[in-house]
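# Per-entry structural report
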Amino acid sequence: MAYLLIFISAIFVNNIVLSQFLGICPFLGVSKKISTALGMGVAVAFVLVISVIATYTLQHYVLIPLHVEFLQTICFILVIAGLVQMIEIVIKKISPVLYQALGIFLPLITTNCCVLGVSLLVANGTYQAQGAELNLLTGVVYAFATAIGFALALVIFAGIRERLQSVDIPKNMRGMAIALITAGLLAMAFMGFNGVDAGIAALIK
């Protein structure tokens, strides 16, 4: 049940984009069409889970034993960039169809602060585990749920932006201006989920 609470919290209550404001660049830049938003969401979910496993292992079996935790951020950036490149090469050889479907989204993930942010939260044990033990399994569940939350916010935002194209918007509000206002309203809408996880946990008890 703790894992269910982690899912609900990461997707709705503490959405990585709309509540923690990580991954804003792809959120604004790759949200003009639902198809591209879905592609980005799948790519982020794939890379995020693998990155969390790699960085958690690096943190607890290399950096901490050697007492070089101050190298955490630079090491994580290098690991994530290397993983993205390796994954891109492997997918290109094993599944060219999947590689073409992901397209430019895989390289874009290298600069997605959402991946680095979640990796740091999991490695440092500062994410909300909702009563579950802070370990690699919980971290992977949190990372996957966070990726779903990222994809959900991206797809909803892309759907709204597609609808806005058929609306007569004042000239000074077109483009990024209306996109930022829409993102703010969407973030306010997600604030309505605050306390849902705590309410479910109370009902279970």
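Notes on the structure follow. (Residues numbered from 1 in each chain as written. Predicted model: local features only at pLDDT ≥ 70, side-chain atom pairs only at ≥ 80, totals over all residues. Heavy atoms only, no water.)

A contiguous nonpolar surface patch, about 430 Å² in accessible area, is contributed by F70, L71, I74 and L78. Within the fold, F70 resides in the loop between α3 (34-63) and α4 (72-94). Residue F70 is classed as exposed on the basis of its relative accessible area of 67%. (Patch = residues over 30% accessible without salt bridge, like charges linked within 9 Å, V, L, I, M, F, W, Y side chains within 5 Å. Areas by Shrake-Rupley, 256 points an atom, 1.4 Å probe, with all protein chains shown as cover. Salt bridge = Lys/Arg side-chain N within 4 Å of Asp/Glu carboxyl O. Helix = DSSP H or I, 4+ residues; strand = E, 2+ residues; numbered from the N terminus. Buried < 20%, exposed > 50% of the residue type's maximum accessible area, 1.4 Å probe, protein only.)

Our focus in this paragraph is the pattern of salt bridges. All chains considered together, the criterion is met by one salt bridge. One salt bridge connects D168 with R174, and the closest N-O pair in it is separated by 3.9 Å.

On to the side chain of E88. Residue placement: E88 occurs in helix α4. Among buried charged residues, E88 stands out as having no salt bridge; its nearest opposite-charge side chain is K92, 6.9 Å away. Apart from residues no more than four positions distant in its own chain, E88 is found in contact with Y99, L106 and P107. (Lys, Arg positive; Asp, Glu negative; His and termini not counted. Contact = heavy atoms within 4.5 Å.)

Estimates place the volume of the largest pocket at around 170 Å³. Around the largest pocket, the lining residues are K32, R161, L164, Q165, V167, I169, R174, G175, I178 and A179. Those elements that place two or more of their residues in the lining of the largest pocket are α8 (136-164) and α9 (176-190). (1 Å grid on protein atoms, 1.4 Å probe; cavity = no way out; pocket = protein on both sides within 12 Å on 5 of 7 lines; lining within 4 Å. Points joined across faces, edges and corners; volume = space filled by probe spheres on them.)

Let us now look at the packing of aromatic side chains. For the coordinates displayed, the defined rule picks out five aromatic pairs. A ring pair is formed by F27 and F157, whose centres lie 4.5 Å apart and whose planes are at 15°; its orientation type is stacked. Taken as a pair, F27 in helix α2 (residues 24-29) and F157 in helix α8 lie far apart in primary sequence, 130 residues in all. Comparing F27 with F157 shows no difference in burial state: the two are buried. Arranged with centres 4.8 Å apart and planes meeting at 25°, the rings of Y127 and Y142 form a pair that is stacked. (Phe/Tyr/Trp six-rings, centres within 6.5 Å; stacked < 30°, edge-to-face > 60°.)

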